Amino acid sequence: MNRDLTVGNVRRVLTTFAVPLLLSMVFQQLYNIADSLVAGKFLGEQALAAVGNSYEITLIFIAFAFGCNMGASVIVSQYFGARRYYDMKKAVSTSYISTFVLCAVLTVGGIAFTDPLLSLINTPQEIMADSALYLDIYVFGLVFLFFYNLATGIFSAMGDSRTPFVFLAVSSTANIFADILFVTVFGMGVDGVAWATFICQGVSCIVANLALAKRLARLNIPRLGRDVFDFHIFRRFVSVAVPSILQQSFVSVGNIILQSLINGFGYSVIAGYSAAIKLNNLIITSITTLANAVSAFSAQNIGAGDFERVRSGWRCGLGIAWIFCVPVIILFSVFGNIVLMLFLDKTSTEALSAAMLFLRIVSPFYLVVSVKLISDAVLRGSGDMRPFMYSTFSDLILRVCLAYLFSSFLGSVGIWLSWPVGWGAGTILSFLYYRSGHYEKRLMRSENRI
């Protein structure tokens, strides 16, 4: 069901809209968590290290998919909020064409550069073959990753967060069983968990896009004809998507640099980091998804010209994020060893120790980074992309530099300590820019906000 986010009680509207999105991302992350869980439990520590090592490279592709999601979501939200449905349909078709071209280029590039990328990050020889195998299969499934993200972004733009959640919940649950089936029954290795993800994500993508096509058909919008690709909308799509891609890509590149540094401590630390970073990314990506809901909420209300409602959305979004973070912090800090046992066994003492230290150092700062992500969300919804890029780059550069500095005398613990410092710097910049209200003044000066 399409939902108008410009009317009704802000807290109730945003909560009802955001919670299914939040749960959707939890299930989305279960895809990769399931791969690591099955690899670690049924195939061993080296297989877990191989999947985790490849994961840092897959984040680059996810960054591009997320950028396309945001580009489509922000533009479609603004047209939907302004009741300009024909332009909204043009935005959808333009986004699909643009995403298809980008996905094709990345698929070809991914196939060509898998091995060089793995060598670049100092992948240990013991896990090189499995890392390359997992990554090759992942690249072949990029089309599903991109078009599923695009469909969910458009559903969200129209105020529907429940439909993609249902599809993803079913497919990600199926992926867990498929992983186990391929490994334990069919006797496959790392390739088994990769193919299971490929198949389940493919089914989810196809069903989501068919449902979106049916939803758009119900709006009875006239056929586009020659308007199937609009260059003005394309420029607007690029103006939102490219900064989002750059921001997420630089974060991924930073993580790859950190992975290269971590790889120097041996595969036990790699395995521990792989387990801990999956849990960490589950939380960060979930908060980011909540922020996407705030972006769509902000974009619709900016399209309607209601800036006070946008500010209320920021406060409500941050409240939801903190309610989500507090129990997670307690879980990771106090019971982290139990959670990590999903990936590792009791004999992996060095890996468990490294992972537990990471969680205890990083998790309390989820409250801090939530402020950054929710502030960034409002700026994205307004189309003001530069400030949150600056804050993200500051976070990334500081984190990478401090990781090298601290690890030189503190070992792997020094790398973990770089996270809170980088997040803190980025949060200060994003929050101050949001509080300045510059994005409101810029939009109010514009004769045509969209």
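Provided above is the structure to which this section pertains.
Asker: Run through the overall build of the chain, naming residues and quoting values.
Answerer: Of regular secondary structure, the chain possesses 15 helices and zero strands. Whereas a compact globule of 450 residues would reach a radius of gyration of roughly 22 Å, the chain reaches 21 Å, a difference of no more than 12%. In terms of overall dimensions, the chain has a C-alpha envelope of 60 × 45 × 35 Å along the principal axes. Here the chain holds 450 residues, and the buried ones make up 61% of them. Here the analysis covers contacts within the chain between residues at least 6 apart in sequence; of these, 85% occur between residues at least 24 apart.

Asker: Can you tell me about the packing of aromatic side chains, naming the residues and giving the values?
Answerer: As enumerated under the stated definition, the model contains 18 aromatic pairs in all. Note on phenylalanine 80 and tyrosine 85: the rings are 5.8 Å apart at their centroids and 65° apart in plane angle, and the pair reads as edge-to-face. Looking at phenylalanine 80, the relative accessible area reads 8%, which means it is buried. Look at tyrosine 273 and tryptophan 419: their rings are 6.4 Å apart centre to centre, the planes differ by 55°, and that puts the pair in the tilted class. In this pair, tyrosine 273 is assigned in helix 9 (residues 267-303) and tryptophan 419 in helix 14 (residues 412-436), connecting sequence segments 146 residues apart.

Asker: Report on the pattern of salt bridges, specifying residues and quantitative values.
Answerer: Per the stated rule, a full pass over the model turns up six salt bridges. Residues participating in the shared-partner salt-bridge network are Arg84, Asp87, Lys90 and Asp230.

Asker: Quick one: what's the story with the packing of helix 5 (residues 142-157) against helix 7 (residues 190-218), residue by residue and with numbers?
Answerer: Orientation of helix 5 relative to helix 7, taken along the N-to-C sense of each, is 35°, at an axis distance of 8 Å. Note that helix 5 runs across helix 7; the crossing there is left-handed. Mapping the contact onto sequence places Val143, Phe144, Leu145, Phe147, Tyr148, Ala151, Ile154 and Phe155 in helix 5 and Phe198, Gln201, Gly202, Ser204, Cys205, Ala208, Asn209, Ala211, Leu212 and Arg215 in helix 7. Its residues placed into classes, the contact of helix 5 with helix 7 shows 13 nonpolar, four polar and one charged.

Asker: I'd like a description of the side chain of serine 298, backed by residues and values.
Answerer: Take serine 298: it is sitting in helix 9. Taking relative accessible area as the criterion, serine 298 reaches 0% and is therefore assigned buried. Sequence-distant contacts of serine 298, that is, excluding residues within four places in its chain, are made with Val310, Val378 and Gly381.

Asker: So what about the environment of valine 203? Which residues, and what values?
Answerer: Relative to the helices and strands, valine 203 resides in helix 7. Note on valine 203: relative accessible area 48%, which makes it partly exposed. Sequence separation between valine 203 and leucine 59 is 144 residues; the distance between their C-alpha atoms is 21 Å.

Asker: Explain the environment of glycine 305 to me, and be specific about the residues and the numbers.
Answerer: Tracing the backbone shows glycine 305 in the loop between helix 9 and helix 10 (307-340). Taking the C-alpha atoms as reference, glycine 305 lies 42 Å from threonine 197; in sequence the two are 108 residues apart.

Asker: Explain the packing of helix 4 (residues 125-140) against helix 5 to me, and be specific about the residues and the numbers.
Answerer: It is at 4 Å that the axes of helix 4 and helix 5 come closest, and there the two elements cross at 50°. Considering the angle they form, helix 4 stands oblique to helix 5. Taking contact as the criterion, the partners of Tyr138, Val139 and Phe140 in helix 4 are, on helix 5, Leu142, Val143 and Leu145. When grouped by side-chain class, the residues that make up the contact of helix 4 with helix 5 number six nonpolar, no polar and no charged.

Asker: For the nonpolar core, give the residues involved together with the corresponding values.
Answerer: In terms of nonpolar packing, the biggest core is built from 71 residues, with Phe358, Tyr366 and Trp419 touching the most fellow members. Among the elements of the structure, helix 1 (10-43), helix 2 (45-81), helix 8 (231-263), helix 9, helix 10, helix 11 (349-362), helix 12 (366-382) and helix 14 are those that each provide at least two residues to this core. When residues in this core are grouped by element, the largest group, 19 residues, is from helix 9. Those residues within four positions of phenylalanine 358 in sequence are excluded, and the remaining contacts are Tyr273, Ala276, Ile277, Asn280, Trp416 and Trp419. Of all hydrophobic cores here, the second largest spans 47 residues; its members include Phe61, Leu135, Leu168 and Ala208.

Asker: Pulling in residues and values, what's your account of the environment of isoleucine 180?
Answerer: Inspection of the secondary structure assignment puts isoleucine 180 in helix 6 (residues 162-185). Separated by 97 residues in the primary sequence, isoleucine 180 and arginine 83 place their C-alpha atoms 47 Å from one another. For isoleucine 180, the contacting residues outside a window of four places in its chain are Val38, Phe42 and Val185.

Rules and cut-offs
Residues numbered from 1 in each chain as written. Predicted model: local features only at pLDDT ≥ 70, side-chain atom pairs only at ≥ 80, totals over all residues. Heavy atoms only, no water. Helix = DSSP H or I, 4+ residues; strand = E, 2+ residues; numbered from the N terminus. Rg over C-alpha atoms; globule rule 2.2 N^0.38 Å. Buried < 20%, exposed > 50% of the residue type's maximum accessible area, 1.4 Å probe, protein only. Contact = heavy atoms within 4.5 Å. Phe/Tyr/Trp six-rings, centres within 6.5 Å; stacked < 30°, edge-to-face > 60°. Salt bridge = Lys/Arg side-chain N within 4 Å of Asp/Glu carboxyl O. Axes fitted to C-alpha atoms, helices over the stretch in contact; angles between N-to-C directions. Left-handed = near helix turned anticlockwise from the far one by under 90°. Nonpolar A, V, L, I, M, F, W, Y, C, P; charged D, E, K, R; others polar. Parallel < 35°, antiparallel > 145°, perpendicular 65-115°, else oblique. Core = buried A, V, L, I, M, F, W, Y, C linked by side-chain atoms within 4.5 Å.

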